[in-house]
Amino acid sequence: MEFITTFIYFLAQALTIAIFARAILSWFPNVSNDNPLVALVYQVTEPILAPLRSVIPLVGMIDITPLVAIITLQLIANIVSRV
């Protein structure tokens, strides 16, 4: 059981870092998806962000989906680490 909780905790942390990296990358429109590292970040984070985008509206011109995803992942990590 400890292995599973540790795995979920570290997975949530890794996904948080990937979503944060994707948010930072969005500030640089010149960064191409042809870069393998950028493509990997998008492939890892899109399954998390896409469903949230269909539910969460834009706030003005700002997409708050990454923020909601990071908060959710951190809540999951904290809940799992306390079990």
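Located above this text is the structure these notes cover.
Teacher, can you tell me more about the environment of Ile48 here?
Inspection of the secondary structure puts Ile48 in helix H2 (residues 36-53). Through-space distance from the C-alpha of Ile48 to that of Pro66 is 9.0 Å; in sequence the pair is 18 residues apart. Contact partners of Ile48, with chain neighbours within four places excluded, come to Leu15, Ile19 and Ala69.

Hey, could you run me through the side chain of Thr16 in this one?
You can see Thr16 is positioned in helix H1 (residues 2-25). Those residues in contact with Thr16 that sit more than four places away from it in its chain are Ile70, Leu73 and Gln74.

What should I look at first to understand the nonpolar core in this one?
In summary, soluble globular proteins display a tendency toward joint burial of nonpolar side chains. Listed in full, the eight residues of the largest apolar core are Ala12, Leu15, Ile19, Leu49, Ala69, Ile70, Leu73 and Ala77. Those elements giving two or more residues to this core turn out to be H1 and helix H3 (65-82). Non-local contacts of Ala69, meaning those with residues more than four positions away in its chain, are made with Ile19, Ile48, Leu49 and Leu52.

Whenever I open this one, H3 confuses me. Can you help?
For an α-helix, 3.6 residues make a turn, and residues three or four places apart therefore share a direction. For H3, built from 18 residues, the straight-helix expectation of 26 Å at 1.5 Å per residue is met to within 8% by its first-to-last C-alpha distance of 26 Å. Along H3, the positions that sit buried rather than exposed are Thr65, Pro66, Ala69, Ile70, Leu73, Ala77 and Val80. The buried residues of H3 occupy one face: seen down the axis, they fall within an arc of 130 degrees. In H3, the exposed positions angled more than 90 degrees off the buried face are occupied by Leu67, Ile79 and Arg82. Those residues of H3 that are buried are in contact with H1 and H2.

Criteria and cut-off values
Residues numbered from 1 in each chain as written. Predicted model: local features only at pLDDT ≥ 70, side-chain atom pairs only at ≥ 80, totals over all residues. Heavy atoms only, no water. Helix = DSSP H or I, 4+ residues; strand = E, 2+ residues; numbered from the N terminus. Contact = heavy atoms within 4.5 Å. Core = buried A, V, L, I, M, F, W, Y, C linked by side-chain atoms within 4.5 Å. Buried < 20%, exposed > 50% of the residue type's maximum accessible area, 1.4 Å probe, protein only. Expected span 1.5 Å × (residues − 1). Arc of directions from axis to C-beta.

Function cannot be read off these values alone, since they describe shape.
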